[in-house]
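Listed below, chain by chain, are the residues.
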Amino acid sequence: MRNGIIITLKIRKNVVKILVVNAGSSSVKFTVYQMETETVLAKGLVERIGLKEPNFVYERPGHDKEEKVVAVANHTDALKAICEKLVDTDHGGVLESLSDIDAIGHRVVHGGEKFSEPVLIDSDVKNTIRLCANLAPLHNPPNLDGIEACEKAFPGTQNVAVFDTAFHQTMPPEAFMYAIPRELYEDHGIRKYGFHGTSHKFVTNAAADYLGKPVDELKLISCHLGNGSSIAAVKYGKVIDTSMGMTPLCGLVMGTRSGDIDPAIIFYLKKKGYAAGEIDSILNKKSGLLGVGGIKSGDMRDIVDAAANGVETARIALDLWAHRLAFYVGGYYTLLSGADAVIITGGIGENSVPARAAFLSRLSGIGCHMDRAAIQITKKAVTLSTPDSELRAIVLPTDEELMIGRETALLLK
Ligand code: ADP
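These numbers come from a predicted model, not from an experiment. The residue numbers shown here count from 1 along each chain, following its written sequence. With the structure being a predicted model, the display of local features is reserved for residues of pLDDT at least 70 and the display and counting of side-chain atom pairs for 80 or more, all residues being used for whole-chain, interface and lining totals. For the side-chain quantities, the full set of heavy atoms in the structure was used; hydrogens and water were omitted.

### Quick look at the environment of Gly251
Argument step 1. Each helix corresponds to a stretch of at least 4 residues labelled H or I by DSSP, and each strand to a stretch of at least 2 residues labelled E; elements are numbered beginning at the N terminus. Checked against the element boundaries, Gly251 lands in the loop between strand 11 (238-242) and helix 8 (264-271).
Argument step 2. Along the backbone, Gly251 and Leu325 are 74 residues apart, and their C-alpha atoms lie at a distance of 8.8 Å.
Argument step 3. Residues within four places of Gly251 in sequence aside, it is in contact with Ser243, Gly259, Asp260, Arg324 and Tyr328. The criterion used for residue contact is that any of the two residues' heavy atoms lie within 4.5 Å.

### Description of the sheet that holds strand 12 (residues 341-345)
Argument step 1. At least two bridges found by DSSP between two strands are what make those strands a pair. Within the open sheet, the six strands sit side by side as 11-10-9-12-14-13. Their pairing is mixed. Looking at which strands have only one partner, the edges of the open sheet turn out to be strand 11 and strand 13 (382-383).
Argument step 2. Examined bridge by bridge, strand 9 (residues 219-225) and strand 12 share five bridges and lie parallel to one another. From the neighbouring strand, His224 faces strand 12, where its bridge partner is Thr345.

### Overview of the site of the ligand
Argument step 1. Here, proximity means that at least one heavy atom of the residue falls within 4 Å of the molecule or strand. Taken together, Gly226, Asn227, Gly228, Asp299, Met300, Arg301, Gly346, Gly347, Ile348, Asn351 and Ser352 form the complete shell of residues around the ligand.
Argument step 2. Think of a polar contact as two N or O atoms within 3.5 Å of one another; within protein, one of them needs to be a possible hydrogen donor and the other a possible acceptor, and neighboring residues in sequence only count if both atoms come from side chains. Asp299 places a polar side-chain atom, nitrogen or oxygen, 2.3 Å from an oxygen atom of the ligand.
Argument step 3. Mapped onto the shell around the ligand, the elements with two or more residues apiece are helix 11 (300-308) and helix 13 (346-351).
Argument step 4. If one sorts the elements of the shell around the ligand by residue count, helix 13 sits on top with four residues.
Argument step 5. In terms of residue class, the shell around the ligand is made up of two nonpolar, seven polar and two charged. Residues are grouped as follows: nonpolar covers Ala, Val, Leu, Ile, Met, Phe, Trp, Tyr, Cys and Pro; charged covers Asp, Glu, Lys and Arg; every other residue, Gly included, is treated as polar.

### Topic: the pattern of salt bridges
Argument step 1. Note on definitions: salt bridges are taken to be side-chain nitrogens of Lys or Arg within 4 Å of carboxyl oxygens of Asp or Glu. Scanning all chains against the criterion turns up 14 salt bridges.
Argument step 2. In this structure, the salt-bridge partner of Lys126 is Glu148, at a minimum N-O distance of 3.2 Å. Within this pair, whereas Lys126 is found in helix 3 (residues 123-131), its partner Glu148 is found in helix 4 (residues 140-153), the two being separated by 22 residues in sequence.
Argument step 3. Three exposure classes are used, based on accessible area relative to the maximum for each residue type with a 1.4 Å probe and protein chains only: buried under 20%, partly exposed in between, and exposed over 50%. Residue classification places Lys126 among the buried positions, given a relative accessible area of 13%.
Argument step 4. Among the residues examined, Glu148 registers a relative accessible area of 27% and is labelled partly exposed.
Argument step 5. Salt-bridge contacts for Glu312 lead to Arg315; the nearest nitrogen and oxygen are separated by 3.0 Å. In this pair, Glu312 and Arg315 both sit in helix 12 (residues 312-335), three residues apart, roughly one turn of the helix.
Argument step 6. Overall, the relative accessible area of 45% leaves Glu312 in the partly exposed class.
Argument step 7. Connected through salt bridges with shared partners, the residues Lys126, Arg130, Glu148 and Glu151 form a single ionic network.

### What to know about the pairing of strand 3 (residues 39-47)
Argument step 1. The pairing of strand 2 (residues 27-34) with strand 3 spans eight bridges and is antiparallel. If you follow Val28 over to strand 3, its bridge partner there is Val46.
Argument step 2. The turn linking strand 2 back onto strand 3 is made up of four residues, and Glu38 within it adopts a positive phi angle of 50°.

### Quick look at the confidence of the model for the protein
Argument step 1. Mean pLDDT over the protein stands at 95; residues scoring 70 or higher make up 96%.
Argument step 2. Taking the mean pLDDT of every element in the protein, the minimum, 42, falls on helix 1 (residues 2-13) and the maximum, 99, on strand 11.
Argument step 3. Confidence drops under pLDDT 50 across residues 1-13; counting only partners more than four residues distant or on other chains, this segment forms two contacts. Values of pLDDT, which run from 0 to 100, indicate the predictor's confidence residue by residue.

### Considerations on the packing of aromatic side chains
Argument step 1. Two aromatic rings from Phe, Tyr or Trp, using only the six-membered ring of Trp, form a pair when their centres are within 6.5 Å; if the ring planes differ by under 30 degrees the pair is stacked, by over 60 it is edge-to-face, and anything between is tilted. All chains considered together, the criterion is met by seven aromatic pairs.
Argument step 2. Centroid distance Phe30 to Phe56: 6.2 Å. Interplanar angle 75°. Geometry classified as edge-to-face. Taken together, the residues Phe30 in strand 2 and Phe56 in strand 4 (residues 55-59) connect sequence positions 26 residues apart. Phe56 matches Phe30 in its accessibility class, with the two residues each being buried.
Argument step 3. With centroids separated by 5.8 Å and ring planes inclined at 70°, the aromatic side chains of Tyr328 and Tyr332 adopt a geometry described as edge-to-face. Here the residue Tyr328 and the residue Tyr332 both occupy positions in helix 12, the gap between them amounting to four residues, near one helical turn. An identical accessibility class is assigned to Tyr328 and Tyr332; each is buried.

### Some words on the environment of Val304
Argument step 1. Topologically, Val304 is positioned in helix 11.
Argument step 2. Given a relative accessible area of 11%, Val304 falls into the buried group.
Argument step 3. When the C-alpha atoms of Val304 and Ala355 are compared, they prove to be 7.2 Å apart, with 51 residues separating the residues in sequence.
Argument step 4. Other than its neighbours up to four places away in sequence, Val304 contacts Leu318, Ser352, Pro354 and Ala355.

### Describing helix 4
Argument step 1. Between the first and last residue of a helix there are one fewer steps than residues, each counted as 1.5 Å, and that sum is the expected span. Relative to the 20 Å expected for 14 residues at 1.5 Å per residue, helix 4 spans 20 Å between its end C-alpha atoms, a close match to the ideal helical length.
Argument step 2. Restricting attention to buried positions, one finds in helix 4 the residues Asn140, Pro142, Asn143, Leu144, Gly146, Ile147, Ala149 and Cys150.
Argument step 3. In this structure, the buried residues of helix 4 make contact with strand 1 (17-23), helix 2 (75-86), strand 6 (103-108), helix 3 and strand 8 (158-163).

### Points about unusual backbone geometry
Argument step 1. Despite not being glycine, Glu53 shows a phi value in the positive range, around 50°.
Argument step 2. Relative to the assigned elements, Glu53 resides in the loop between strand 3 and strand 4.
Argument step 3. Take Glu53: its relative accessible area is 54%, and that puts it in the exposed class.

### Some thoughts on the sheet that holds strand 2
Argument step 1. The eight strands are arranged 5-4-3-2-1-6-8-7 in an open sheet whose pairing can be described as mixed. Each edge of the sheet is formed by a strand with only one pairing partner; in this case those strands are strand 5 (66-69) and strand 7 (119-120).
Argument step 2. Direction of pairing for strand 4 relative to strand 5: antiparallel, over a ladder of four bridges. Of the residues in strand 5, the one forming a bridge with Tyr58 is Glu66.

This is the structure:
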């Protein structure tokens, strides 16, 4: 009843403030939203937590960015520093009191098969997130630290978990099963889960707005192209396949990750004397654009610059990146029985003209022809295909934080 009264009052006030938290192993990113207008009131991050000279970055729209070194040893300290700043209204704080926050939305990387939607966090949910840490050992534990730090800092405020894997839970077995003994799935949960779900969902909804059609009438191929990259086939609002797998190592060529390789390469490397940890590090941290490009950088800006300056290895890295991406788009176009649009998003998708050109020039076989003027337009929603193309290509900037804010506000209602 008490909760009932509080919620009724808030709805009457029609004011909802949501804090979105993305806690990584050594950083906590945060954004405070005024949800009715989807305005950012403040955002920032504490980075290098537990390391030398942790750094606190704080930003408010229309004001200079603030940065300072803070003494924080763990996520609880980081949340404390964030809370102190948010209520320090004499020095840029945007909250009168911490109780102004109506709910907190948390990015959680792995929800396993258990979560296909955002959930209110209770002890059962936390236990399941803990169990899923088997599948995401680098991500779920710090996500959980962030949740527990918020529970301490905001007693009585509801916390919501929004999972990177959730949007992909609609995949049928033919898409999520690996062709390996079934017990490995049943006993150990070895299957494709997919990641970047919050981004794919955000741009799927944005595509519906942009194309002026409901989501459940659209067949879309969503390409999230950043340091980590993945692609999803979305049929009438539901994912039917995606390129990342049990872990985010699979699929497209990424900044430092290999994407798909022949699994037998791992046994071959073992025979050649490489330890398991070394192979893990090669495939996750030394491969992709960094590994192939030969210029000691996995940043697409450096790769395209080097390719333009005639560095052959960098050109091959760019071509390999575009080739793999076009291969997936072709496959998903077939699985969807045709598509309304290819959506392009992420740091590379929104910004890199040469990378987009390398990719789109490979799609003419399925009726997507590049508009050479439009391809120069960056950082905003734009159609990159010519008007006579049968398949449209559109750039739609993603916003995972806002999506988490929306999902959290929706659950609060
Ligand atoms: P993450 O997966 O870490 O979230 P991002 O989505 O921020 O990554 O994407 C990072 C990639 O985007 C890098 O490869 C970077 O080169 C590329 N990128 C970012 N800004 C630009 C730009 N202005 N021009 C070209 N590429 C860019």
